[in-house]
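# Residue-level structure breakdown
The chain contents come next:
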Amino acid sequence: LLLMLRLVLGPLRRWRRHDATPAWKIAPAIVTGLAVLVATIVLAPDMSLLARLGLVIGIALVPASVMPLVGRSLRRTPLATWGMVVAHLGVAVSVIG
């Protein structure tokens, strides 16, 4: 569970630098996760806790993994960044499934 939470924050951090992640980068993932949490509580109250947490973290990972592309020229984005985005989206799909 903690590894999945770190995976949400991973694409938003600047690696090899020790600065804090700005709140505006984390906000879409947190808002999406909270919306899914509320939706699962209302629509599926008998869902197990682990299934609910997996769904919330998996869906919160989707906007978190796309955020490194926001504000960039997509043609000039390095291939390593594209690889990171695709890999994190793949993990999100796996966790949701």
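So, how was this worked out
Residues numbered from 1 in each chain as written. Predicted model: local features only at pLDDT ≥ 70, side-chain atom pairs only at ≥ 80, totals over all residues. Heavy atoms only, no water. Helix = DSSP H or I, 4+ residues; strand = E, 2+ residues; numbered from the N terminus. Buried < 20%, exposed > 50% of the residue type's maximum accessible area, 1.4 Å probe, protein only. Contact = heavy atoms within 4.5 Å. Areas by Shrake-Rupley, 256 points an atom, 1.4 Å probe, with all protein chains shown as cover. 1 Å grid on protein atoms, 1.4 Å probe; cavity = no way out; pocket = protein on both sides within 12 Å on 5 of 7 lines; lining within 4 Å. Points joined across faces, edges and corners; volume = space filled by probe spheres on them. Nonpolar A, V, L, I, M, F, W, Y, C, P; charged D, E, K, R; others polar.

## Quick notes on the overall build of the protein chain
- Across its full length, the protein chain holds four helices and zero strands.
- In sequence order, the protein chain lays out its α and β elements as α-α-α-α.
- By residue count, 28% of the 97 residues in the protein chain fall in the buried class.
- Sequence-distant contacts, at least 24 apart, represent 58% of the contacts inside the protein chain between residues at least 6 apart.
- Carbon and sulfur atoms provide 70% of the accessible area of the protein chain, an area that totals close to 6700 Å².

## Side note on the layout of surface pockets
- Estimates place the volume of the second largest pocket at around 220 Å³.
- Around the second largest pocket sit 13 residues that line it, and Leu5, Gly33, Val56, Ile57 and Ala60 are the ones nearest its centre.
- Mapped onto the lining of the second largest pocket, the elements with two or more residues apiece are α1 (2-9), α2 (23-43) and α3 (49-66).
- Here the lining of the second largest pocket takes six residues from α2, the largest share from any one element.
- Classifying every residue of the lining of the second largest pocket gives twelve nonpolar, one polar and no charged.

Functional significance is not addressed by these values, which are geometric in nature.
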